[in-house]
Amino acid sequence: MKHALLLFFLTFGLLAFGQISPVKTERLKVSANHRYLVTESGHPFFWLGDTGWELFHRLNYADAKKYLSKRAEQGFTVIQAVVLAEFDGLHVPNANGHLPLANDDPTRPVESYFRFVDSVIDLAQGLGIYIALLPTWGDKVYKDKWGTGPEIFNTDNAKVYGQWIGNRYKDRSNIIWVMGGDRNPRNESDIQIWRSLAAGVVAGCGGQDRALMTFHPQPSETSSSSPWFHEDDWLDFNMLQTGHCADVPVWEKIKHDYDKKTVKPVLNGEAVYEEHPLCFNAKDNGYTSAYDSRKAAWLSVFAGSMGYTYGCHSIWQFYTPGRIAVNGPLRFWYVSMELPAASQMHYLKNLIQKFPAADRRPAQDVIVDANEGTRRIQAIGGKDFLLVYSAAGESFAMNLKKFQTKTFKAFWYDPRTGAKFLIPAVNNTGIKSFRPPSKGADNDWVLVLFDATKKYISSEP
């Protein structure tokens, strides 16, 4: 009888969580030039993320599988998700009816809750997706004006919890650790709590080389983790949150960290979400568009961000019928997976990966007039290639004298469709002017130039 009950439990448990055998994903680390991430075997990794913040809290396994499978199909490589979730995650059970902690005590995690987290992480691994894992949302350190809390962490229990959760996932190669959670430290006490949590994770993982880590801040003057933690050994790369308004000068914020003396990769880890109330004011401003999201992505990467995290307003909160929502999402999450920008992000990844990561760097010095806002012209390049993003199809001039290349192959690349439009070869005779195929809002274009003797990418449609 005992054997029959055990067999029933194991069978039911596997069916309930739908566990699959994980596919081995390589652990990530910082590249030799400290500008991007690579796999353990040295292959460049492009971070194309999505903010699935409430993944472990609001979805059951079937829905998690639907969501992660769709994002994998769309080319996403990272999902940012929180263990102790924002929406009263300590007191409102997850989709399976489980709470994460006993009596709100970080030193007393509940096994049933974390078994589900395990299963979703393994599901992501089987799909080739990395989880940027936040051990807690920031309101559990301090609530601020909008957080639910409660505030449960201090330096002692933060380290204990960090070591416990680090040890639990130390052998998962698809984990990237994220401290913070939409909070900027107010004072030295806050800073020390986050440092204690990070130190605990590092200890639990078995060392810094097994715990790739960053910090998720709020929008601010820099919008970055760097003011507090840039020189900390545990911070492997800076993360930015550039906010939910249109035409934020993301290039300036990324440059702020890119130019620091101690070189670390920089990532725009939360920017303007698709279908979010523009600047949190839908009544006066309406909602953000695919164009808004797309501009932020291309401008960020061309300014030096090692990748980009897309977001959708209904998906980060996994809004469904009958569920309390934040800031008026327009659709349910499972409908929003098909929104235009979500299906366009991989065109950025597809193009940038054709050119050597070690050679890529911002190349604004070739642009005669970069413009501002929606009219921004942003360039990235290497010794024998150049990519230029025109955010609204504005014409621009470039000084190509910095290149030794004599003749460039050239084409226009459409960020909406991935289509290529061949143009005549460009002879390097100094300043050249270019006019994109169309102009105006939602008419962004990328000019692609590369040495005619190289085969980085086919210029044919």
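Note that the structure is predicted; figures quoted are calculated from it, not measured. Along each chain, residues carry numbers from 1 onward, in the same order as the chain's sequence is written. The predicted origin of the model limits local features to residues at a pLDDT of at least 70 and limits the giving and counting of side-chain atom pairs to 80 or more, whereas totals for whole chains, interfaces and linings rest on all residues. Just so you know, side-chain values use all the structure's heavy atoms and leave hydrogens and water out.

What follows covers helix 5 (residues 155–168). Taking 1.5 Å per residue as the helical rise, helix 5 with its 14 residues ought to reach 20 Å, and the 20 Å between its terminal C-alpha atoms agrees with that figure. Where helix 5 is buried, its residues contact strand 5 (78–84), helix 4 (111–126), strand 6 (130–136), strand 7 (175–180) and helix 6 (188–205). For helix 5, the side-chain oxygen to backbone nitrogen distance between the N-cap and Asp156 is 2.9 Å, and the N-cap itself is Asn154. Each helix is a run of DSSP H or I of at least 4 residues and each strand a run of E of at least 2, with the numbering of both proceeding from the N terminus. In a helix, the anticipated span is given by 1.5 Å times the number of residues less one. Every residue pair with non-hydrogen atoms within 4.5 Å of one another is taken to be in contact. Nitrogen and oxygen atoms within 3.5 Å of one another constitute a polar contact, given that in protein one can donate a hydrogen and the other can accept it, and given that sequence-neighbouring residues count only through two side-chain atoms.

What follows covers the packing of aromatic side chains. Side-chain rings of Phe, Tyr and Trp (the six-membered ring for Trp) are treated as a pair once their centres are within 6.5 Å; stacked means planes under 30 degrees apart, edge-to-face means over 60, and tilted covers the remaining angles. One pass over the structure, following the stated rule, counts 30 aromatic pairs. Each ring, one from Phe332 and one from Tyr334, has its centre 5.9 Å from the other, and the planes form 35°; the classification is tilted. The exposure class of Phe332 is partly exposed, given its relative accessible area of 28%. Ring pairing ties together the aromatic residues Tyr67, Phe318, Tyr319, Phe332, Trp333 and Tyr334, which thus form one cluster. Sitting over the face of the ring of Trp146, Arg183 holds its NZ or CZ atom 4.4 Å from the ring centroid. Throughout, exposure labels follow a simple rule: accessible area from a 1.4 Å probe, protein chains only, divided by the maximum for the residue type, with under 20% read as buried, over 50% as exposed, and the rest as partly exposed. Working rule: Lys NZ or Arg CZ, within 6 Å of ring centre, within 35 degrees of ring normal, means a charge sits over the ring.

As a packed pair, helix 3 (residues 61–73) and helix 4 sit with axes 10 Å apart at the nearest point and diverge in direction by 25°. Classified by the angle between their axes, helix 3 and helix 4 sit roughly parallel to one another. Like other packed secondary-structure pairs, helix 3 and helix 4 cross with a definite hand, here right-handed. Contact with helix 3, carried on its side by Tyr61, Ala64, Lys65 and Leu68, involves Phe116, Ser119, Val120, Leu123 and Ala124 of helix 4 and no other residues of that element. Class assignment of the residues belonging to the contact of helix 3 with helix 4 gives a composition of seven nonpolar, one polar and one charged. Each axis is a line fitted through C-alpha atoms, and for a helix only the stretch in contact is used; angles between axes span 0 to 180 degrees, taken between their N-to-C directions. Should an angle lie under 35 degrees it is considered roughly parallel, over 145 roughly antiparallel, and from 65 to 115 roughly perpendicular; all remaining angles are considered oblique. The handedness criterion is simple: a crossing whose near helix is rotated anticlockwise from the far helix by less than a right angle is left-handed, and one whose near helix is rotated clockwise is right-handed. Amino acid classes used here: Ala, Val, Leu, Ile, Met, Phe, Trp, Tyr, Cys and Pro are nonpolar; Asp, Glu, Lys and Arg are charged; the rest, including Gly, are polar.

Looking now at the state of the cysteines. Any two cysteine sulfur atoms within 2.5 Å of one another count as a disulfide. Scanning the model with the defined rule gives one disulfide in all. The residue that forms a disulfide with Cys245 is Cys279, at a sulfur-sulfur distance of 1.9 Å. Placement of Cys245 in the loop between strand 9 (238–241) and helix 8 (250–258) and of Cys279 in the loop between strand 10 (266–270) and helix 9 (282–285) is noted, with a sequence separation of 34 residues between them. Residue classification places Cys279 among the partly exposed residues on the basis of a relative accessible area of 34%. Among the cysteines around Cys312, which has no disulfide bond, Cys245 carries the closest sulfur, lying 17 Å off.

Further remarks concern the sheet that holds strand 13 (residues 377–381). Within the open sheet, the six strands sit side by side as 12-13-14-19-16-17. Their pairing is antiparallel. Strands at the two margins of the open sheet, each flanked by one partner only, are strand 12 (361–362) and strand 17 (420–427). Here, a strand pair is defined by DSSP locating no fewer than two bridges between the strands. Of the strand pairs in this sheet, strand 14 (residues 385–390) and strand 19 (residues 445–451) are connected by six bridges, and their pairing is antiparallel. Counterpart to Ser390 in the pairing with strand 19 is Trp445.

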